[in-house]
Amino acid sequence: MSLPANQIKEPGKQSQPAKSLKEPSQEALPVNLLKESSQESRILCPDPAIVVELNVGGQFYTTTMGTLMKHPGSKFSEILSRSARHYKDAQGRFFIDRPGTYFGLLLDYLRTGQVPTEYVPEVYQEAKFYQIHLLVKILEDMPQIFGEQVARTQFLMGVPNYRENLEVLLHLARAEAVAMRSSKVVVCVVRTEEEDAKCVEPLHILEAKKTPVVKFGPWKAGPMTEDFVCCLEKDIRAKGYKVTSQRYHLSRDPYTCFWIFVFTWW
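Residues numbered from 1 in each chain as written. Predicted model: local features only at pLDDT ≥ 70, side-chain atom pairs only at ≥ 80, totals over all residues. Heavy atoms only, no water.

**Points about the overall build of the chain**
Part 1 of the reasoning: From N to C terminus, the chain includes 11 helices and 7 strands.
Part 2 of the reasoning: Across the 266 residues of the chain, 34% fall into the buried class.
Part 3 of the reasoning: If you take every contact in the chain between residues at least 6 apart in sequence, the share linking residues at least 24 apart comes to 64%.
Part 4 of the reasoning: If you sum the accessible surface of the chain, you get close to 17,300 Å²; carbon and sulfur atoms cover 54% of it. (Helix = DSSP H or I, 4+ residues; strand = E, 2+ residues; numbered from the N terminus. Buried < 20%, exposed > 50% of the residue type's maximum accessible area, 1.4 Å probe, protein only. Contact = heavy atoms within 4.5 Å. Areas by Shrake-Rupley, 256 points an atom, 1.4 Å probe, with all protein chains shown as cover.)

Spelled out as structure tokens, the structure:
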């Protein structure tokens, strides 16, 4: 009795068991299965009760997977992914190359929902790095961040060439510091076009005397001259300089547009 052609075995070949047959490629899988497979391979362990040990810039923290994953879309999904498993220290803790000083405050927020009230600017920067968007929004409404982001920063954006002139001021201060304990730079601050016109002649006099001077303004609206000087001092100190300022009176300066900034080096 002859067998059908499809059942005839060629010499030297054996039929393959069903389990050894080629599995469908990922391209052939439904989209929803691909998505689930991708998520499972990304997250090292989705169990919220699993204990996680962290090494944040040399400071050690212990928490749970559920705490770290409390806010969807945060950077912790990436940190705890399988592809990031080589970012571990010698003891197997997840290593985050970030200052760990304020991480504890961030972790307390994830655990309890209690918004930090201390070191707010520092925690704000960490919340932005870890992409904890809800905490970022909450902190932006607090006075320490609101005043900086909304009030001061927005005002300085309206002062023409503020950042460039700030760098010129610092360059002049350093140039005047050779073999000196302190150096001085005159700053001309004009708020209006009228004040700008009044200061043209005194500026020429200072330049003729080779006095280091930098001019800021005018600007269209916003704080007064004293407020601007306070902003300028704040930014200079933020760069690590020791600086004080006071009015610099000239006989031809009826509008007192001039200030002198004193930098102390040692």
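**Here we look at the packing of aromatic side chains**
Describing an aromatic ring pair means giving the distance of the ring centres and the angle of the ring planes.
Part 1 of the reasoning: In total, this model carries 15 aromatic pairs according to the counting rule given.
Part 2 of the reasoning: Taking the centre distance of 5.9 Å and the plane angle of 85° together, the rings of Tyr 241 and Phe 263 count as edge-to-face. Of this pair, Tyr 241 sits in the loop between helix H11 (225-238) and strand E6 (242-247) while Phe 263 is found in strand E7 (residues 258-264), placing the two residues 22 residues apart along the sequence.
Part 3 of the reasoning: Put simply, the rings of Tyr 61, Phe 76, Phe 103, Phe 129 and Tyr 130 touch in pairs and so form one group of aromatic residues.
Part 4 of the reasoning: When the ring centre of Phe 129 is taken as reference, the NZ or CZ atom of Lys 75 above it lies at 5.4 Å.
Part 5 of the reasoning: Sitting over the face of the ring of Phe 94, Lys 88 holds its NZ or CZ atom 4.7 Å from the ring centroid. (Phe/Tyr/Trp six-rings, centres within 6.5 Å; stacked < 30°, edge-to-face > 60°. Lys NZ or Arg CZ within 6 Å of the ring centre and 35° of its normal.)

**Concerning the confidence of the model for the chain**
Part 1 of the reasoning: Overall, the prediction assigns the chain a mean pLDDT of 82, with 79% of residues at 70 or greater.
Part 2 of the reasoning: A low-confidence stretch, residues 1-43 stays under pLDDT 50, and its non-local contacts, those more than four residues away or across chains, total 13 contacts. (pLDDT = per-residue confidence, 0-100.)

**Description of helix H6 (residues 133-140)**
Every α-helical turn comprises 3.6 residues, leaving residues that sit three or four positions apart pointing alike.
Part 1 of the reasoning: Those residues of H6 that fall on the buried side of the exposure criterion are Leu 135, Val 136 and Leu 139. Viewed end-on, H6 has its buried residues packed into an arc of 105°, placing them on one side of the element. Exposed residues pointing more than 90 degrees away from the buried face of H6 are listed as His 133 and Lys 137.
Part 2 of the reasoning: Summarising the contacts, the buried residues of H6 are in contact with helix H4 (103-112), helix H5 (120-129) and helix H7 (143-157). (Arc of directions from axis to C-beta.)

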